[in-house]
Each structure stands twice: as structure tokens, then as C-alpha cells.
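Listed below, chain by chain, are the residues.
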Amino acid sequence: MNSNPSPASSLFRGLRRKCPNCGIGKLFASYLKPRDYCEHCRESFAELDADDGPAWLTVGAVTITVAPLLFILESSGRYSYTVEMLIVVPLTIALVLLLLPLTKGFFISALWLLSRKPKA
């Protein structure tokens, strides 16, 4: 079964951790381990390695979110350093754990799209 999804559709499917080709099969076998192929449409993901791209994107997104919060908490002067730490550290860990699989799915979908282009 071969479909021809739009690039935007494929990237959105990757964000949802679904197969970028069919949108039905799961992209990951576990939390961050990608499958070798889609169980629904048999599209191969074996050669797609996202490397450090998802980690960099995740760190960037979390920093953009957490740094302003830390500045706001610090500038208000209402909270001790301990309370600020108890707010910022768990939030940072939760955001990283939430965003990392999403960004990895996005990167794998982007690599899948690039691999489908005709080679010159």
C-alpha cells in the first residue's frame, strides 16, 4: 500500500508518532525506539536516523519556555530559590520527556520525506 501524502501531512503524522506514509501505523516500538517498518503499510524506516536533531530542537523549545518563567519568578522576588527550583526543575523534566518523542517523530518524518525525493 503506497500513498502519496503531502509534506505537511507527513510531518504532522510524525508529530503524532504515526507512520508518515499512511498515518495509521505506529512510528515507535517504545518510548524513543523507532520501528524498522510500518506494521500497516510496510513502509521502511530502517535507514532513517534522527541523530541529535530531536534533542537540539527539544532543548531549544524547553529553553524558550522555561527561561522566561525563571526570569519572571526571579524578578517578582516573591519566592525563595528553593521554591523556584521546585517549580522550574520538574517543569523542565516534564517538558523534555513530553517533547522528545514528538520532535523525534517529526525528524524521522522529515528524513522520510527527504529520502523519497528523486536522486539527481
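Description of the structure in this document. Source: prediction; values computed, not measured. Positions within a chain are numbered from 1, following the residues in the order the chain's sequence is written. Given that this is a predicted model, residues contribute local features only at a pLDDT of at least 70 and side-chain atom pairs are listed and counted only at 80 or more, while totals for whole chains, interfaces and linings are drawn from all residues. Excluding hydrogens and water, the side-chain figures rest on all heavy atoms present in the structure.

### A look at the overall build of the protein
Okay, step 1: Of regular secondary structure, the protein possesses 3 helices and 0 strands.
Okay, step 2: Put simply, the protein runs from its N terminus to its C terminus through helices and strands in the order α-α-α.
Okay, step 3: Every radius of gyration here is taken over C-alpha atoms, with the globule rule written as 2.2 Å times N^0.38, N being the number of residues. Computed over its C-alpha atoms, the radius of gyration of the protein comes to 18 Å, more than 25% above the 14 Å expected for a compact globule of 120 residues.
Okay, step 4: Reported as C-alpha extents along the three principal axes, the dimensions of the protein are approximately 60 × 30 × 20 Å.
Okay, step 5: Residue pairs in contact within the protein that sit at least 24 positions apart in sequence constitute 56% of those at least 6 positions apart. Here a strand is any run of E in DSSP of at least two residues, a helix any run of H or I of at least four, and the numbering for each starts at the N terminus. The contact criterion used is simple: two residues touch if any of their non-hydrogen atoms lie within 4.5 Å.

### Looking at the pattern of salt bridges
Proximity of charged atoms lets side chains of opposite charge pair with each other.
Okay, step 1: For this document, the term salt bridge refers to a Lys or Arg side-chain nitrogen within 4 Å of an Asp or Glu carboxyl oxygen. According to the stated counting rule, one finds 1 salt bridge in the structure shown.
Okay, step 2: Between Arg 35 and Glu 39 there is a salt bridge whose closest N-O contact spans 3.1 Å.
Okay, step 3: Buried means the residue's accessible area, taken with a 1.4 Å probe over protein chains only, is under 20% of the maximum for its type, while exposed means over 50%, and partly exposed covers the values in between. On the basis of relative accessibility, which here comes to 18%, the residue Arg 35 falls in the buried class.
Okay, step 4: The exposure class assigned to Glu 39 is exposed, which follows from its relative accessible area of 53%.

### Concerning helix H2 (residues 53-76)
Okay, step 1: Between the first and last residue of a helix there are one fewer steps than residues, each counted as 1.5 Å, and that sum is the expected span. For H2, with 24 residues, the first-to-last C-alpha span of 35 Å sits near the 34 Å given by 1.5 Å per residue.
Okay, step 2: One fitted axis covers the seven residues ending at a residue, a second covers the seven starting there, and the bend at that residue is the angle between these axes. Where H2 bends most, the angle comes to about 25°, and this point is Thr 63.
Okay, step 3: What H2 keeps buried is the set Gly 53, Pro 54, Thr 58, Val 62, Val 66 and Leu 73.
Okay, step 4: On its buried face, H2 is in contact with helix H3 (81-116).
Okay, step 5: Where H2 ends, the next residue or the one after it, Gly 77, has phi of about 70°, a positive value.

### Notes on the nonpolar core
Okay, step 1: Take the buried residues of types Ala, Val, Leu, Ile, Met, Phe, Trp, Tyr and Cys, join any two whose side-chain atoms come within 4.5 Å, and each joined set is a nonpolar core. Ranked by size, the top nonpolar core spans 12 residues in total: Cys 19, Cys 22, Leu 27, Phe 28, Cys 38, Cys 41, Phe 45, Leu 48, Ala 50, Ile 108, Trp 112 and Leu 113.
Okay, step 2: Other than its neighbours up to four places away in sequence, Phe 45 contacts Cys 19, Pro 20, Leu 27, Arg 35, Asp 36, Tyr 37, Cys 38 and Trp 112.
Okay, step 3: In this structure, Val 62, Leu 73, Val 88 and Leu 95 belong to the second largest nonpolar core, which totals 5 residues.

### Things to note about unusual backbone geometry
Okay, step 1: Phi at Arg 17 is positive, roughly 65°, even though this residue is not glycine.
Okay, step 2: With a phi close to 50°, Asp 51 is a non-glycine residue in the positive phi region.
Okay, step 3: Looking at the element boundaries, Asp 51 is found in the loop between helix H1 (7-15) and H2.

### A closer look at a nonpolar patch on the surface
Okay, step 1: Each patch groups residues whose relative accessible area exceeds 30% and which form no salt bridge, using 9 Å between like charges and 5 Å between nonpolar side chains of Val, Leu, Ile, Met, Phe, Trp and Tyr. All accessible-area figures derive from a Shrake-Rupley calculation using a 1.4 Å probe, and residue coverage is judged against the displayed protein chains alone. Taken together, the side chains of Tyr 31, Met 85, Leu 86, Val 89, Ile 93 and Leu 97 define a hydrophobic patch exposed on the protein surface, amounting to about 590 Å² of accessible area.
Okay, step 2: As for its placement among the helices and strands, Leu 86 is situated in helix H3.
Okay, step 3: A residue is classified by how much of its surface remains accessible, and Leu 86, at 58% relative accessible area, is exposed.

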